[in-house]
Amino acid sequence: MASSGINHLSQPCIYGQLASSYAERKSRFMRWLSKLFKSGASGRGVIGGQHPQFLVGEENMVRRAQPRSLDGRSRSDKEKEDVDHAIALSLAEDLKRPKGYRWGSNTDEDLARSLHDSLNISSYPTPCYPSGYRVCGACDQDIGYGNYLGCMGTFFHPECFCCRSCGCPITEHERRDAYHKSCFKELTHPKCEVCHQFIPTNGAGLIEYRCHPFWSQKYCPSHEHDNVARCCSCERLESWNARYISLGDGRSLCLECMESAIMDTGDCQPLYHAIRDFYEGMNMKIDQQIPMLLVERQALNEAIVGEKNGHHHLPETRGLCLSEEQTVKSIQILKRPRLAGQRLVGMRTQPQKLTRKCEVTAILVLYGLPRLLTGAILAHELMHGWLRLKGYRNLHPEVEEGICQVLSFMWLESEVMPGYNRNMASTSSGAASSSSCSSSSSKKGRQSEVERKLGEFFMHQIAHDVSPAYGGGFRAANAAVNKYGLRTTLEHIRLTGSFPL
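Source: prediction; values computed, not measured. (Residues numbered from 1 in each chain as written. Predicted model: local features only at pLDDT ≥ 70, side-chain atom pairs only at ≥ 80, totals over all residues. Heavy atoms only, no water.)

To continue, consider the overall build of the chain. If you tally the helices and strands in the chain, you get 13 helices and 19 strands. The buried share of the chain, taken over its 501 residues, is 39%. When contacts within the chain are restricted to residue pairs at least 6 apart in sequence, long-range pairs at least 24 apart make up 59% of them. For the chain, the exposed area adds up to about 28,300 Å²; of that, 52% sits on carbon and sulfur atoms. (Helix = DSSP H or I, 4+ residues; strand = E, 2+ residues; numbered from the N terminus. Buried < 20%, exposed > 50% of the residue type's maximum accessible area, 1.4 Å probe, protein only. Contact = heavy atoms within 4.5 Å. Areas by Shrake-Rupley, 256 points an atom, 1.4 Å probe, with all protein chains shown as cover.)

See the structure below:
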């Protein structure tokens, strides 16, 4: 019992001795750590009396390298070794004591190790990296931490964000979506096809321009009044890049129409006979030999003044079916005309006396027009001759000009759309017409795309003419022919002087 009591009384003394030793050791250890922290703060927190400097870009952060000790090791490595050495000394002292007196050693070890781990955390700030993984939308390569552009829902290297029009890089101050502002204007703002400048806005700030209904040629409104040349055949305005050919009588011809232009009476004879064959193929043979002449504009206008009958298309008449005796100047070319600058030279006119041998004296057509337009005019004027030779008298202008326009349109159809057969009055006439069309096509040879497009334009002109006689008359006559056939329509006109309803 006594022994038991001594042991009981001695334990507090031993505990007190142990506690004192632990307190002293902990105090020394904390003083050492405090000194370590102070020296570390003075060395790390301020560099040269200032806070650490960081080089920060748009999307990158560059930090300075950690200061190193004189022996070549970094300060963090040296501090780590010092802490490990202190912990080892503390543990060695603790192991020298008896097993029963090592209370709290685990606590010291845990404390030391937690302090050691906390010192392992660098006092330097971590770099500020982009939060997401970025890939260039143009080259599909990783952007990394360099500069980038963010637009249109994705990211680009600055050198990869290029204009979709010119392919050059786009800067932030000149961007319009994925285009340079100037390139975007080139793509979207209409340009005049005459002067090739951007079409200006009107007083209301709107872009106002004129546009040809068939060719879709866009041009400034001012060019309608500034004497820009217009092709007498296709109606397109002269571009400043391609000059038109002057025919010498106030008319100009574009280069496309010039390719198939017929310049004199001799060159026009094969086409004239092909159109007469076209009539014959529809059981409308013209027995009389009607003279045909190509003339200048002045000669045609003089002939119109001397002609008593007929209705003339204003402001420009291109053909005339004469019923009176006259003397006209026809175009006779001894050799192919040549260009002198932008004018044709080498043409001659020759007076020719036209005597009346029947109801029709002659057919006059303007020279210098494309083959298809010349043929359409001849088909129209031959119909006037056929009506007079067959006794159709005193027809209303809408009826006579309307049915003549239908024949002109039908001939163009046969030229522009080979194999096309409008429903004729009889099978035999349709077959003959098909044969005639084939013959005509074989004589003229292969048709170019330019000529085909011109033929479509001439058909468009006839169909959309706004004049009452030529436009309104054609639409009424064409409807009757489509419904009843050409032969029935002509018979109804002979009997009633009007179209069948």
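Glancing now at the pattern of salt bridges. What the rule picks out here adds up to 12 salt bridges. Glu256 serves as the salt-bridge partner of Arg236, at 2.9 Å between the closest nitrogen and oxygen. With Arg236 in the loop between strand E8 (218-219) and strand E9 (245-246) and Glu256 in helix H5 (residues 255-258), the pair connects residues that are 20 residues apart, well separated along the chain. Given a relative accessible area of 15%, Arg236 falls into the buried group. On the accessibility criterion, Glu256 (35% relative accessible area) is partly exposed. Among the salt bridges present, the one from Arg452 reaches Glu449, with a minimum N-O distance of 2.2 Å. Of the two residues, Arg452 and Glu449 are both situated in helix H11 (residues 449-463); the distance of 3 residues between them amounts to about one turn of the helix. (Salt bridge = Lys/Arg side-chain N within 4 Å of Asp/Glu carboxyl O.)

What follows deals with the packing of helix H6 (residues 265-281) against helix H8 (residues 371-389). Where H6 meets H8, the closest approach of the two axes is 10 Å, and the angle between their N-to-C directions is 50°. It follows that H6 is oblique to H8 by the angle criterion. Crossing hand, H6 versus H8: right-handed. Where H6 abuts H8, its residues Cys268, Leu271, Tyr272, Ile275, Arg276 and Tyr279 lie against Arg371, Thr374, Gly375, Leu378, Ala379, Leu382 and Met383. (Axes fitted to C-alpha atoms, helices over the stretch in contact; angles between N-to-C directions. Parallel < 35°, antiparallel > 145°, perpendicular 65-115°, else oblique. Left-handed = near helix turned anticlockwise from the far one by under 90°.)

All right, on to the pairing of strand E18 (residues 362-366) then. Counting buried residues along E18, 5 of its 5 residues qualify, which places the element largely inside the surrounding structure. Burial of the side chains of E18 extends over both faces: Ala362, Leu364 and Leu366 are buried on one face and Ile363 and Val365 on the other. Relative to E18, strand E13 (residues 319-322) is paired through 4 bridges, and the arrangement is antiparallel. Looking at E18, one finds that Leu322 is bridged to Ala362. (Pairing = 2+ DSSP bridges.)

Let's shift gears to the nonpolar core. Note that soluble globular proteins tend to have their nonpolar side chains buried in a common cluster. Leu378, Met383, Ile403 and Leu486 are the most contacted members of the largest nonpolar core, which totals 78 residues. Ignoring sequence-local partners within four residues, the contact set of Met383 consists of Tyr279, Met284, Ile403, Cys404, Leu407 and Leu490. Cys136, Cys163, Tyr179 and Cys183 belong to the second-largest nonpolar core, a separate cluster that totals 10 residues. (Core = buried A, V, L, I, M, F, W, Y, C linked by side-chain atoms within 4.5 Å.)

The subject of this paragraph is the confidence of the model for the chain. On average, residues of the chain carry a pLDDT of 74, and 59% of them reach 70 or more. Considering only residues more than four positions removed or in separate chains, one finds that residues 1-20, a stretch of pLDDT under 50, has 5 contacts. In the model, residues 119-130 has pLDDT below 50 throughout and makes 20 contacts with residues more than four positions away in sequence or in other chains. (pLDDT = per-residue confidence, 0-100.)

Moving on, we get to the side chain of Glu381. Structurally, Glu381 can be placed in helix H8. Of the side chains with opposite charge, Arg388 comes closest to the buried, unpaired Glu381, at an N-O distance of 6.6 Å. Once residues within four sequence positions are removed from consideration, Glu381 is found in contact with Gly319, Leu320, Cys321 and Ile363. (Lys, Arg positive; Asp, Glu negative; His and termini not counted.)

One can find Glu208 in the loop between helix H4 (181-188) and strand E7 (210-211). For Glu208, a relative accessible area of 32% translates into the label partly exposed. Beyond its immediate chain neighbours, meaning those up to four positions away, Glu208 contacts Ile199, Pro200, Asn202 and Pro221. Engagement of the side chain of Glu208 in a polar contact is seen with the side chain of Asn202, the distance being 3.3 Å. (Polar contact = N/O pair within 3.5 Å; in protein donor to acceptor, adjacent residues only side chain to side chain.)

Scanning the entire structure with this criterion turns up 9 aromatic pairs. Their ring planes at 45° and their centres at 4.9 Å tell us that Phe156 and Phe161 sit as a pair that is tilted. Exposure class is identical for Phe156 and Phe161. Each is buried. Centroid distance Trp215 to Phe457: 5.4 Å. Interplanar angle 40°. Geometry classified as tilted. With Trp215 in the loop between E7 and E8 and Phe457 in helix H11, this residue pair connects regions lying 242 residues apart in the sequence. You can call Trp215 buried: its relative accessible area is 17%. Ring pairing ties together the aromatic residues Phe214, Trp215, Phe457 and Phe458, which thus form one cluster. (Phe/Tyr/Trp six-rings, centres within 6.5 Å; stacked < 30°, edge-to-face > 60°.)

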